[in-house]
Amino acid sequence: MAKNMMNTAKSIGIGMLTGATAIAVSSAVMKKNQHKNMKHLKKSAGKAVHTVNDMLSGVENMLK
């Protein structure tokens, strides 16, 4: 049961990360200053990855 719950939590986290990345990429393409936006995009994507990782670690700790 705990393994099934962890797989569900991972799937939700991956879905959230994928959606956030798609939104960030599409907004970066729409803006004029591409170089500055790409730096910001990389920084934002890194923060999103760390946030999802922290969230999944918290869920994993709750299930233990």
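Presented here is an overview of the structure given in this document. Owing to the predicted nature of the structure, the values given are computational and were not obtained by experimental measurement.

**What about the overall build of the protein chain?**
Now for step 1: Helix and strand counts for the protein chain stand at two helices and zero strands.
Now for step 2: Here the protein chain holds 64 residues, and 14% of them are scored as buried.
Now for step 3: As presented, the protein chain carries roughly 5,200 Å² of accessible surface, and 66% of it is formed by carbon and sulfur atoms.

**Some words on the environment of Val 25**
Now for step 1: Here Val 25 lies in helix H1 (residues 2-30).
Now for step 2: Distance from Val 25 to Ala 45, taken between C-alpha atoms, is 9.7 Å for residues 20 residues apart in sequence.

**Some remarks on the nonpolar core**
Now for step 1: Met 6, Ala 9, Val 52, Leu 56 and Val 59 form the largest nonpolar core, which has five residues in total.
Now for step 2: Elements represented by at least two residues in this core include exactly H1 and helix H2 (34-63).
Now for step 3: Element by element, the count of residues in this core is highest for H2, at three residues.
Now for step 4: Apart from residues lying up to four places away in sequence, Ala 9 is in contact with Leu 56 and Val 59.

Calculation notes
- Residues numbered from 1 in each chain as written.
- Predicted model: local features only at pLDDT ≥ 70, side-chain atom pairs only at ≥ 80, totals over all residues.
- Heavy atoms only, no water.
- Helix = DSSP H or I, 4+ residues; strand = E, 2+ residues; numbered from the N terminus.
- Buried < 20%, exposed > 50% of the residue type's maximum accessible area, 1.4 Å probe, protein only.
- Areas by Shrake-Rupley, 256 points an atom, 1.4 Å probe, with all protein chains shown as cover.
- Core = buried A, V, L, I, M, F, W, Y, C linked by side-chain atoms within 4.5 Å.
- Contact = heavy atoms within 4.5 Å.

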